[in-house]
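Next come the chains, spelled out residue by residue.
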Amino acid sequence: MTTTTPTTTTPTTTIAEPPAKPRSPAPSRRGSASRRRSTPLTIAMLAALAYFLLPLFWLLVASTKSTQDLFDSFGLWFSHAPQLLTNVRETFTQDDGVFAHWLLNTVLYAGVSAVGAALLAAAGGYGFAKFRFRCDRAAFNLVLGAVMVPTTALAIPTYLLFAEAGLVNTPWAIILPSLVNPFGLYLMRVYAQDAVPDSVLEAARIDGAGEARIFFRIALRLLAPGLVTVLLFTLVATWNNYFLPLIMLNDPDLYPVTVGLSSWAARAQNGGAGSSSDMLALVVTGSLISIVPLVVAFLLLQRYWQSGLAAGGVKQ
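These numbers come from a predicted model, not from an experiment. Starting from 1, residues in each chain are numbered consecutively following that chain's sequence as written. Only residues with pLDDT of at least 70 are given local features in this predicted model, and only at 80 or more are side-chain atom pairs given and counted; all residues enter the totals for whole chains, interfaces and linings. Side-chain metrics in this entry use all non-hydrogen atoms of the structure; hydrogen atoms and water are not considered.

1. Some points on the overall build of the protein chain
Strands are runs of DSSP state E lasting at least 2 residues, helices are runs of H or I lasting at least 4, and numbering of each runs from the N terminus. For the protein chain, the helix and strand inventory stands at 15 helices and zero strands. Only protein chains enter the area calculation, which uses a 1.4 Å probe; residues under 20% of their type maximum are buried, those over 50% are exposed, and those in between are partly exposed. Within the protein chain, the fraction of its 316 residues that count as buried is 33%. Residue contacts are counted whenever heavy atoms from the two residues lie within 4.5 Å of one another. Summarising the internal contacts of the protein chain: among those between residues at least 6 apart in sequence, 74% fall at separations of at least 24. Surface accessibility of the protein chain: about 20,100 Å² in total, with carbon and sulfur atoms responsible for 66%. Shrake-Rupley sampling with a 1.4 Å probe provides the accessible areas, and residues are treated as covered by the protein chains on show and by no other component.

2. Description of the packing of helix α5 (residues 136-147) against helix α8 (residues 182-195)
Orientation is described by lines fitted to C-alpha atoms, with helices fitted over the stretch in contact, and by angles between N-to-C directions that extend from 0 to 180 degrees. The geometry of α5 relative to α8 is characterised by a closest axis approach of 8 Å and an angle of 130° between their N-to-C directions. One finds that α5 runs oblique with respect to α8. Of the two elements, α5 crosses α8, and the hand of that crossing is left-handed. Of α8, the residues touching α5 (which contributes Phe-140, Val-143, Leu-144, Ala-146 and Val-147) are Pro-182, Phe-183, Leu-185, Tyr-186 and Arg-189. Under the convention adopted here, Pro, Cys and the residues Ala, Val, Leu, Ile, Met, Phe, Trp and Tyr are nonpolar, Asp, Glu, Lys and Arg are charged, and Gly plus all remaining residues are polar. A per-class count over the contact of α5 with α8 returns nine nonpolar, no polar and one charged. Orientation labels follow simple angle bins: below 35 degrees gives roughly parallel, above 145 gives roughly antiparallel, 65 to 115 gives roughly perpendicular, and whatever is left gives oblique. For any pair of crossing helices, the crossing counts as left-handed if the nearer helix is rotated counterclockwise from the farther one by less than a right angle, and right-handed if it is rotated clockwise.

3. So, a nonpolar patch on the surface
Where nonpolar side chains cluster on the molecular surface, the patch consists of Leu-54, Phe-57, Trp-58, Phe-74, Leu-76, Trp-77 and Phe-78 and spans about 700 Å² of accessible area. As for its position among the elements, Trp-58 is in helix α1 (residues 29-62). Residue Trp-58 is classed as partly exposed on the basis of its relative accessible area, which comes to 38%. Like-charged residues within 9 Å of one another, or nonpolar side chains (Val, Leu, Ile, Met, Phe, Trp, Tyr) within 5 Å, are grouped into patches, provided each residue has over 30% relative accessible area and no salt bridge. Any carboxyl oxygen of Asp or Glu within 4 Å of a side-chain nitrogen of Lys or Arg constitutes a salt bridge here.

4. A few points about the side chain of Ser-290
Note on placement: Ser-290 falls in helix α14 (residues 279-300). On the basis of relative accessible area, Ser-290 is assigned to the buried category, the value being 9%. In this structure Ser-290 touches Leu-103, Trp-239 and Val-257, once residues within four positions along its chain are discounted.

5. Considerations on the side chain of Thr-234
Tracing the sequence through the fold places Thr-234 in helix α11 (residues 224-239). What makes Thr-234 buried here is its relative accessible area of 4%. Only 2.9 Å separates the side chain of Thr-234 from the side chain of Asn-181, close enough to count as a polar contact. With near-sequence residues (within four places) excluded, Thr-234 lies in contact with Ser-113, Ala-114, Ala-117, Ser-178 and Asn-181. Whenever two N or O atoms come within 3.5 Å, that pair is a polar contact, provided that in protein one can donate a hydrogen and the other can accept it, and provided that, for residues adjacent in sequence, both atoms are side-chain atoms.

6. Looking at the layout of surface pockets
A 1.4 Å probe that fits into a set of points on a 1 Å grid over the protein atoms alone but cannot get out defines a cavity; an open set with protein on both sides within 12 Å along at least five of seven lines defines a pocket, and lining residues are those with an atom within 4 Å of a point. Grid points are joined across faces, edges and corners, and a volume is the space filled by probe spheres set on the points. Each pocket or cavity is described by its volume, and for the largest pocket that value is around 760 Å³. Mapped onto the lining of the largest pocket, the elements with two or more residues apiece are α5, α6 (155-165), α7 (172-178), α8, α11 and α12 (243-248). Its residues assigned to classes, the lining of the largest pocket comprises 17 nonpolar, nine polar and no charged. Considering only enclosed or pocket space, the second largest pocket measures out at about 200 Å³ in volume. Looking at the second largest pocket, the residues that line it are Leu-59, Trp-239, Asn-240, Val-257, Thr-258, Ser-287, Ser-290, Ile-291, Leu-294, Val-295 and Phe-298. Secondary structure elements with two or more residues in the lining of the second largest pocket: α13 (257-270) and α14.

7. A few points about α6
Residues of α6 that are buried: Ala-155, Thr-158 and Phe-162. Down the axis of α6, the smallest arc covering the buried residues is 65°, so these residues share one side. Residues of α6 that are exposed and angled more than 90 degrees away from the buried face: Leu-160, Leu-161 and Glu-164. Packing partners of the buried residues in α6 comprise α7 and α12. This arc is built from the directions going out from the helix axis to the C-beta atoms.

In short, shape yes, function no, at least from these values alone.
Here it is as structure tokens:
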């Protein structure tokens, strides 16, 4: 009897081939056309960049010249004998170093006004965004209307009001009006609407925190980017303010740098007492020195400022 041994068939494993790598599509005519259309945009951006940087370049070049060179040499290039360090030294020594005093006054006015206006705008914007009270919509519409009013239109009424209060020719005549920033309040209200979640505020209230503690310990930290944005706007506005200090201040020791340099320019044009032949060059050099703190402030706070501008318009 023969026994047949069953044969076992070994299953074969089929290895799937990897999918073919998709070919990158050839650049379409529409894509190349869009790249060609960006050329005018690039030219326009370069023209805008030149428009904004050309005055700064002229100021830097003019600060290296004497008054005679300002009129005799080409305006957009350096003279044969640049004297920047000499102009800077004479600017700080003219009239017993009054320029340094003007610069410190400007730092005081702009710094106190910027910090105070930013805090008030943050508190007001947080209140409008997170609290409901009678006539809140009408009050906010009044703030929007105040944004449309130019500050020069309020200068004379503000002077009369401060004259009655006895605050004319004092630093408060510059600081107090600068604390009111309707645009900053509007910006902080829009920013606080989404930057401060209601759930966080409710959790803090359940834990027993008061409203003042919630604002200073929680909300103010969340509002930091918008706070820096308002601070920079107010800092630049107060630093460059000319008309308000002109009508409020009579004492040269209280002048900010804008009014002080204007008085030097008037002396240079009229040839008044104490004016030198290089007074106009000192005015130009003083203008260059006066913008350096603003540039430093923008460079240090740039990332907070950019995030503050963008985050307020993003719906979370």
